[in-house]
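What follows is each chain in one-letter form.
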Amino acid sequence: ENTMVKVPARPFPPSAETVNAGKQLWGSNSCGDCHGADGRGAKDQADDAGLHVEMVPFRDGYYKSGPDDADLFRSIATGMKGTTMDAYKGEVTDEDIWKLLDFIRSLAASRRQGFIARLFADLASAPPSGFDYSNY
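Residues numbered from 1 in each chain as written. Predicted model: local features only at pLDDT ≥ 70, side-chain atom pairs only at ≥ 80, totals over all residues. Heavy atoms only, no water.

## Topic: helix α3 (residues 69–78)
Okay, step 1: In terms of burial, α3 is a largely internal element, 8 of the 10 residues being buried.
Okay, step 2: Turning to α3, its buried residues number three or more, namely Asp69, Asp71, Leu72, Phe73, Ser75, Ile76, Ala77 and Thr78.
Okay, step 3: Trailing α3 by a residue or two, Gly79 shows a phi angle of about 75°, which is positive. (Buried < 20%, exposed > 50% of the residue type's maximum accessible area, 1.4 Å probe, protein only. Helix = DSSP H or I, 4+ residues; strand = E, 2+ residues; numbered from the N terminus.)

## Brief notes about the nonpolar core
Okay, step 1: Counting 22 residues, the largest nonpolar core has Trp26 and Phe73 as the members making the most contacts within it.
Okay, step 2: Those elements giving two or more residues to this core turn out to be α1 (16–28), α3 and α4 (94–109).
Okay, step 3: Of all the elements, α4 adds the most residues to this core, at 8 residues.
Okay, step 4: If near-sequence neighbours (up to four positions away) are discounted, Trp26 is found in contact with Cys31, Gly32, His35, Gly36, Ala37, Phe58, Leu100, Phe103, Ile104 and Leu107. (Core = buried A, V, L, I, M, F, W, Y, C linked by side-chain atoms within 4.5 Å. Contact = heavy atoms within 4.5 Å.)

## Describing α1
Okay, step 1: Taking 1.5 Å per residue as the helical rise, α1 with its 13 residues ought to reach 18 Å, and the 19 Å between its terminal C-alpha atoms agrees with that figure.
Okay, step 2: Every buried residue of α1 is accounted for by Ala16, Thr18, Val19, Gly22, Leu25 and Trp26.
Okay, step 3: In this structure, the buried residues of α1 make contact with α2 (32–35) and α4.
Okay, step 4: At the exit of α1 stands Ser30, carrying a positive phi of roughly 60°. (Expected span 1.5 Å × (residues − 1).)

## Regarding the packing of α1 against α4
Okay, step 1: Relative to each other, α1 and α4 sit at 100°, their axes nearing to 7 Å. Regarding the angle of α1 to α4, the classification is roughly perpendicular. Within the contact between the two elements, α1 uses Thr18, Val19, Ala21, Gly22, Lys23, Leu25 and Trp26 and α4 uses Asp96, Lys99, Leu100, Asp102, Phe103, Ile104, Ser106 and Leu107.
Okay, step 2: Of the residues belonging to the contact of α1 with α4, the class tally is 8 nonpolar, 3 polar and 4 charged. (Axes fitted to C-alpha atoms, helices over the stretch in contact; angles between N-to-C directions. Parallel < 35°, antiparallel > 145°, perpendicular 65-115°, else oblique. Nonpolar A, V, L, I, M, F, W, Y, C, P; charged D, E, K, R; others polar.)

## A closer look at unusual backbone geometry
Okay, step 1: A positive phi is found at Ser30, a non-glycine position, where the angle reads about 60°.
Okay, step 2: Its place among the elements puts Ser30 in the loop between α1 and α2.

The following block contains the structure:
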């Protein structure tokens, strides 16, 4: 069930270590089953009503919940009602959610984009932390 979650302050800055730890958590929590190993999204997902769910490719840097770290944290923690996204609060620690978030951000930054896509992504969803994820 989708509940309100107070987003805790980030306990550490994004780094290569947090991105790599997030990648491990991605694998051990089966995130890739729905979102794909590389964040492209699986094509065969359905919502609670059995209707097709269009997975937003994380590699594009767009997120259904919103562009901010707090938005992504809440989605991971509480899930998304009516979709296949489960709540992970209680399944993983808050620190692990931050690591998953860092890995998710790295998926978009690792993709080479054309000028227009880069411009739009910069305007629409620049990483609020200011961390340069493009090297990971």
